[in-house]
Amino acid sequence: MSEQKKAYEHVIRERWCKGCNICVAFCPKQVLTLRNGKVFAERPDQCIGCRLCELRCPDFAIEVRERGSGEGESRDASNVDYEIKPEAHHD
Amino acid sequence: MSDILKYFRQNRLPHIWCPGCGHGTVTGALVRAVGKLKLDKNKVVVVSGIGCSSRAPGYLDFDTLHTAHGRALAFATGIKLSRPELKVIVMTGDGDCTAIGGNHFIHAARRNIDITTIVMNNNIYGMTSGQYSPMTPKGMLGTTAPYGNVERSFDLAKLAVAAGATYVGRGTAYHAVLLEDLIEKALLNKGFSVVEAVTQCPTYLGRKNKIGTAVDMLNWFKESAVNVKAAAALPPERLAGKFLIGELHNQPEPEFTAEYAALVSQVRRKYDNFQGEVRECGQNSD
Ligand SMILES: Cc1ncc(C[n+]2csc(CCOP(=O)(O)OP(=O)(O)O)c2C)c(N)n1
Ligand code: SF4
Ligand code: SF4
Ligand code: SF4
Ligand SMILES: [Mg+2]
């Protein structure tokens, strides 16, 4: 079996991302861009898995994983809206 | 990273910090170091004072305490003395730690009490909108220094070493791998450990001084920081305007709560063996 190049995928937590551009600017392989003010992995195949984006992100909004690591969906609360609506009422 | 999310109060996120603020990167580095050391989160206490930086413990799922401005180390000292088995971490800002809290800082260092102090140094009072701090470099602008700061700034690492800290390191939000490594070593040191984490406040320091975006500020750290190992081989003129990063001091010495416990048991033994006759009294002075 030939040595296969490792492939990576990105877990992005859009609700936490503030679009500061830090991960985009310092990615050594220009993998990432901003789209509508949020990070987006445009060229995931170029990713070398250095994880610098993940370590520098001030908002814990991006994570890099080896593809096929079998970790499944990221289990985080970034899609839960914890805000209590002003019109909320309690009976 | 999902593995470190268990240390967060995820329902408090996204955090309050501005886009590009370095405080989140430093908080991430601390959490990763704690995760690497597999510390039991029920045995970790994180204490802070007041400031944007001091908001950090509110996002962390340890036992946390958000105290009065400058007083994090005073509260932390009480916690550590009463429960020496706990891992006590202080998260503080340059203003919180070196201005109003400066006295607590030097005395905690002098005692060598086993507390890991992470100073998020953004060279400014962020929370109150950009007044200069004791760590604002000379010449830089702040809302209270509209023509440039005329005061000299502290070198926090030198201050910590001179006051008696036994582990001192400096990293930046750009050098995130180094920062995590320094925090890990600081957590392992049994004694007073200080990690100065140079971070960016794009909203006030950056804007006031026209440094640009968070990315520009990180580039500024990249260009101005010199690793202490590399610095040893450089002539002094190449170090002008630069600052050192890396492990700057590591010299273990007897730790305060251990010394205190030893004293307590020594005194207790003495009185337990007391047989009567003229009592040698340890505390009665009247
Ligand atoms: C006793 C007291 N004095 C002054 C203040 C106002 N105050 C709040 S935060 C702060 C400065 C915080 O600066 P720093 O520790 O550098 O934190 P940053 O916001 O830069 O992260 C000041 C002076 C206060 N809250 N309490
Ligand atoms: S560094 Fe984090 S917050 Fe900033 S753009 Fe990238 S993912 Fe978003
Ligand atoms: S892991 Fe490295 S190469 Fe991949 S996106 Fe992040 S910074 Fe870029
Ligand atoms: S004011 Fe400065 S220190 Fe405070 S959150 Fe904003 S960028 Fe960070
Ligand atoms: Mg500050």
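Structure shown above.
Keep in mind that what you see is a predicted model, and the values were worked out from it rather than measured.

### So, the overall build of chain A
Part 1 of the reasoning: If you tally the helices and strands in chain A, you get two helices and four strands.
Part 2 of the reasoning: Along chain A, from the amino end to the carboxyl end, the secondary structure elements read β-α-β-β-α-β.
Part 3 of the reasoning: Each of the 91 residues in chain A was classed as buried or not, and the buried ones make up 38%.
Part 4 of the reasoning: Once local pairs closer than 6 in sequence are excluded, the contacts in chain A between residues at least 24 apart make up 54%.

### Thoughts on the pattern of salt bridges
All names here are of chain B.
Part 1 of the reasoning: Under the criterion given, the structure shown has 18 salt bridges over all chains.
Part 2 of the reasoning: When the shortest N-O distance is used, the salt bridge between Asp-61 and Lys-41 registers 3.0 Å. Note that Asp-61 is positioned in the loop between β1 (44-48) and β2 (63-66) and Lys-41 in the loop between α1 (23-36) and β1, a separation of 20 residues in sequence.
Part 3 of the reasoning: Owing to a relative accessible area of 25%, Lys-41 belongs among the partly exposed residues under this scheme.
Part 4 of the reasoning: Among the ionic pairs, Lys-190 bridges to Asp-114, the shortest N-O distance being 3.4 Å. Residue Lys-190 is found in the loop between α6 (176-188) and β6 (193-198), and its partner Asp-114 is found in the loop between α4 (102-111) and β4 (115-121); the two are separated by 76 residues along the sequence.

### Quick notes on the sheet that holds strand β7 (residues 225-227) of chain B
All names here are of chain B.
Part 1 of the reasoning: A sheet is described by the order of its strands in space; here eight strands give the open sequence β2-β1-β3-β4-β6-β5-β8-β7, paired in mixed fashion. In this open sheet, the two edge strands, each paired with only one partner strand, are β2 and β7. Neighbour to neighbour, the strand axes of the sheet diverge by 20° on average, direction disregarded.
Part 2 of the reasoning: In this structure, strand β5 (residues 167-172) lies alongside strand β8 (residues 243-250), joined through four bridges in antiparallel fashion. Bridge pairing in β8 links Val-168 to His-249.

### Re the site of ligand 3
Part 1 of the reasoning: By nearness alone, every residue bordering ligand 3 is listed as His-10, Cys-27, Pro-28, Val-31, Leu-32, Cys-47, Ile-48, Gly-49, Cys-50, Arg-51, Cys-53 and Val-64 of chain A.
Part 2 of the reasoning: Split into classes, the residues belonging to the shell around ligand 3 amount to nine nonpolar, two polar and one charged.

### Some details on the interface of chain B and chain A
Part 1 of the reasoning: Taken together, the contact between chain B and chain A spans 30 residues of the former and 26 residues of the latter.
Part 2 of the reasoning: Both faces combined, the contact of chain B with chain A buries some 2,300 Å², and carbon together with sulfur accounts for 65% of it.
Part 3 of the reasoning: Seen at the junction of chain B and chain A, the total is seven residue pairs in polar contact (both at pLDDT 80 or more).
Part 4 of the reasoning: Elements with a contribution of two residues or more to the side of chain B that touches chain A: α1, α6 and α8 (214-224) of chain B.
Part 5 of the reasoning: Looking at the side of chain B that touches chain A element by element, the count peaks at five residues for α1 of chain B.

### A closer look at the packing of aromatic side chains
Part 1 of the reasoning: A full pass over the atoms with the stated rule returns seven aromatic pairs over all chains.
Part 2 of the reasoning: Seen from their ring centres, Phe-60 of chain A and Phe-8 of chain B are 4.5 Å apart, and the 50° between their planes marks the pair as tilted. Of this pair, Phe-60 of chain A sits in the loop between α2 (52-56) and β4 (62-66) while Phe-8 of chain B sits in the segment before α1, which puts the two residues in different chains.
Part 3 of the reasoning: What makes Phe-60 of chain A buried here is its relative accessible area of 2%.

### A look at α1 of chain B
Part 1 of the reasoning: Over its 14 residues, α1 of chain B extends 20 Å from the first C-alpha to the last, a length consistent with the 20 Å expected when each residue adds 1.5 Å.
Part 2 of the reasoning: Of all 14 residues in α1 of chain B, twelve are buried; the element is thus mostly enclosed.
Part 3 of the reasoning: Every buried residue belonging to α1 of chain B is among His-23, Gly-24, Thr-25, Val-26, Thr-27, Gly-28, Ala-29, Leu-30, Val-31, Arg-32, Ala-33 and Val-34 of chain B, and all of these are buried.
Part 4 of the reasoning: The inward-facing, buried residues of α1 of chain B contact α2 of chain A together with β3 (87-93), β4, α6 and β6 of chain B.

### Concerning the pairing of β3 of chain B
Residue and element names in this part refer to chain B.
Part 1 of the reasoning: Buried residues dominate β3, accounting for seven of its seven residues.
Part 2 of the reasoning: Burial along β3 is two-sided: the residues Lys-87, Ile-89, Met-91 and Gly-93 and Val-88, Val-90 and Thr-92 are all buried.
Part 3 of the reasoning: Strand direction decides the pairing type here: β1 and β3, joined by five bridges, are parallel. Its bridge partner lying in β3, Val-46 is registered against Ile-89.
Part 4 of the reasoning: Relative to β4, β3 runs parallel, the two sharing six bridges. Paired with Thr-92 across the strands is Val-119, a residue of β4.

### Some details on the site of ligand 2
Part 1 of the reasoning: Neighbouring ligand 2 are 13 residues; Cys-17, Lys-18, Cys-20, Cys-23 and Cys-57 of chain A lie closest to it.
Part 2 of the reasoning: Tallied by class, the residues present in the shell around ligand 2 amount to nine nonpolar, two polar and two charged.

### Structural notes on the side chain of Ser-224 of chain B
All names here are of chain B.
Part 1 of the reasoning: You can see Ser-224 is positioned in helix α8.
Part 2 of the reasoning: At a separation of 2.5 Å, a polar atom in the side chain of Ser-224 contacts the main-chain carbonyl oxygen of Trp-220.
Part 3 of the reasoning: For Ser-224, the residues in contact, after removing those within four places along its chain, are Gly-241, Lys-242 and Phe-243.

### As for the pairing of β5 of chain B
Residues and elements named next belong to chain B.
Part 1 of the reasoning: Counting buried residues in β5 gives six out of six residues, a clear majority hidden from the surface.
Part 2 of the reasoning: Burial of the side chains of β5 extends over both faces: Tyr-167, Gly-169 and Gly-171 are buried on one face and Val-168, Arg-170 and Thr-172 on the other.
Part 3 of the reasoning: Of the pairings in the sheet, the one linking β5 to β6 comprises six bridges and is parallel in character. When the sheet's bridge partners are listed, Arg-170 is paired in β6 with Glu-196.
Part 4 of the reasoning: Traced from β5 through α6 to β6, the parallel crossover comes out right-handed.

What counts as what
- Residues numbered from 1 in each chain as written.
- Chains lettered and ligands numbered in written order.
- Predicted model: local features only at pLDDT ≥ 70, side-chain atom pairs only at ≥ 80, totals over all residues.
- Heavy atoms only, no water.
- Helix = DSSP H or I, 4+ residues; strand = E, 2+ residues; numbered from the N terminus.
- Buried < 20%, exposed > 50% of the residue type's maximum accessible area, 1.4 Å probe, protein only.
- Contact = heavy atoms within 4.5 Å.
- Salt bridge = Lys/Arg side-chain N within 4 Å of Asp/Glu carboxyl O.
- Pairing = 2+ DSSP bridges.
- Axes fitted to C-alpha atoms, helices over the stretch in contact; angles between N-to-C directions.
- Near = heavy atom within 4 Å.
- Nonpolar A, V, L, I, M, F, W, Y, C, P; charged D, E, K, R; others polar.
- Buried area = accessible area lost by both parts, 1.4 Å probe.
- Polar contact = N/O pair within 3.5 Å; in protein donor to acceptor, adjacent residues only side chain to side chain.
- Phe/Tyr/Trp six-rings, centres within 6.5 Å; stacked < 30°, edge-to-face > 60°.
- Expected span 1.5 Å × (residues − 1).
- Right-handed = clockwise from strand over helix to strand, strands pointing away.

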